[in-house]
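Listed here are the chains, written in short residue letters.
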Amino acid sequence: MPNVVSCNILLKALCKRNEVDVAVRVLDEMSLMGLVPNVVSYSTVLGGFVFKGDMESAMRVFGEILDKGWMPDVTSYTVLMSGFCRLGKLVDAIRMMDLMEENRVQPSEVTYGVMIEAYCKGRKPGEAVNLLEDMVEKGLVPSSVLCCKVVDLLCEEGSVERACEVWRGVVR
């Protein structure tokens, strides 16, 4: 007999195969089977929509999570931010990070990495440095690859001295 855990495994497999529409049907059918989908069920489908590039549907699922009174975790927020960044919607990603912090969900190394890489890709070295410094102040350790991206961007922009300052600040 299926249970919520086995259904969540099925949802994840369907979303990985880009069969999000089928995953939504499974989510709907869970209730008919007497099962109550949980935040993991909805977050999995949310991630499937993000993977597909359908941010409108992902935000609809995110709204359903909030409507049910559940508190999304750092992964749900980060997945949404990543999706917005991949589509070049940096402003929406920033709004999501602001909402996450308003809801007292602390960004992770991955969250910072997503946003810092997006700032680097968008050629916004000041914003990338600010987030990198914020990350370090909170006791999180950026990867060497992430640091190199910021330093490289600063150098490309002609801010070699600032790049050295940032490097020293992260290395300490």
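Overview of the structure. The numbering scheme is per chain: residues are counted from 1 as the chain's sequence reads. A pLDDT threshold of at least 70 governs which residues receive local features in this predicted model, and a stricter bar of 80 or more applies before side-chain atom pairs are shown or counted, although totals over entire chains, interfaces and linings include all residues. As a convention, hydrogens and water are excluded, and side-chain values are obtained from all of the structure's heavy atoms.

## Observations regarding the pattern of salt bridges
By definition here, a salt bridge exists when the distance from a side-chain nitrogen of Lys or Arg to a carboxyl oxygen of Asp or Glu is within 4 Å. Using the criterion set out here, one finds eleven salt bridges in the structure. Taking the shortest distance from any N to any O, the salt bridge between Lys-52 and Asp-21 comes out at 3.7 Å. One end of the pair, Lys-52, is in helix α3 (residues 39-52); the other, Asp-21, is in helix α2 (residues 20-32), with 31 residues separating them in the sequence. Exposure is judged per residue with a 1.4 Å probe applied to protein chains only, and the accessible area is read against the type maximum: over 50% gives exposed, under 20% gives buried, and values in between give partly exposed. Residue class for Asp-21 comes out partly exposed when judged on its relative accessible area of 46%. For the salt bridge of Lys-138 with Glu-101, the shortest nitrogen-to-oxygen distance reads 3.7 Å. Comment: elements are numbered from the N terminus, with helices defined as DSSP H or I runs of at least four residues and strands as E runs of at least two.

## Some words on the packing of helix α1 (residues 4-16) against α2
It is at 8 Å that the axes of α1 and α2 come closest, and there the two elements cross at 165°. In terms of orientation, α1 lies roughly antiparallel with respect to α2. Along this stretch, α1 crosses α2, giving a crossing that reads as left-handed. Contacts between α1 and α2 pair Val-4, Cys-7, Asn-8, Leu-10, Leu-11, Leu-14 and Cys-15 from the former with Val-20, Val-22, Ala-23, Val-26, Leu-27 and Met-30 from the latter. Lines are fitted to the C-alpha atoms to define the axes, a helix being fitted only along its stretch in contact, and any angle between axes, read from their N-to-C directions, falls within 0 to 180 degrees. Should an angle lie under 35 degrees it is considered roughly parallel, over 145 roughly antiparallel, and from 65 to 115 roughly perpendicular; all remaining angles are considered oblique. Definitions for this section: a left-handed crossing has its near helix turned counterclockwise from the far helix by less than a right angle. A right-handed crossing has that turn clockwise. What makes two residues a contact is simply this: any of their non-hydrogen atoms within 4.5 Å.

## A few points about the layout of surface pockets
Of the two site types, the cavity is a set of points on a 1 Å grid over the protein atoms alone where a 1.4 Å probe fits but cannot get out, and the pocket is an open set with protein on both sides within 12 Å along at least five of seven lines, each lined by residues with an atom within 4 Å of a point. Grid points are joined across faces, edges and corners, and a volume is the space filled by probe spheres set on the points. If you add up the space inside the largest pocket, you get close to 240 Å³. Every residue lining the largest pocket is listed: Ser-82, Cys-85, Arg-86, Gly-88, Lys-89, Leu-90, Gly-113, Val-114, Glu-117, Ala-118, Lys-121 and Gly-122. Those elements that place two or more of their residues in the lining of the largest pocket are α5 (74-86) and α7 (109-121). Residue contributions to the lining of the largest pocket peak at five residues, all from α7. Here the second largest pocket defines a volume of roughly 180 Å³. As for the second largest pocket, its lining consists of Val-39, Val-40, Ser-43, Thr-44, Leu-46, Gly-47, Met-71, Pro-72, Asp-73, Thr-75, Ser-76 and Val-79. For the lining of the second largest pocket, the elements supplying multiple residues, two or more each, are α3 and α5. For the lining of the second largest pocket, the element with the highest residue contribution is α3, accounting for six residues.

## With respect to the side chain of Asn-8
Mapped onto the elements of the fold, Asn-8 is located in helix α1. By relative accessible area, Asn-8 is classed as buried at 10%. Look past the residues within four positions of Asn-8 in its chain and what remains in contact with it is Met-30, Asn-38, Val-40 and Ser-41.

## What about the packing of aromatic side chains?
Only centres within 6.5 Å qualify two rings of Phe, Tyr or Trp (six-membered ring in Trp) as a pair; their planes then separate them into stacked at under 30 degrees, edge-to-face at over 60, and tilted for everything else. Scanning the entire structure with this criterion turns up two aromatic pairs. Arranged with centres 5.4 Å apart and planes meeting at 70°, the rings of Phe-62 and Tyr-77 form a pair that is edge-to-face. Of this pair, Phe-62 sits in helix α4 (residues 55-67) while Tyr-77 sits in helix α5, and the two are 15 residues apart along the sequence.

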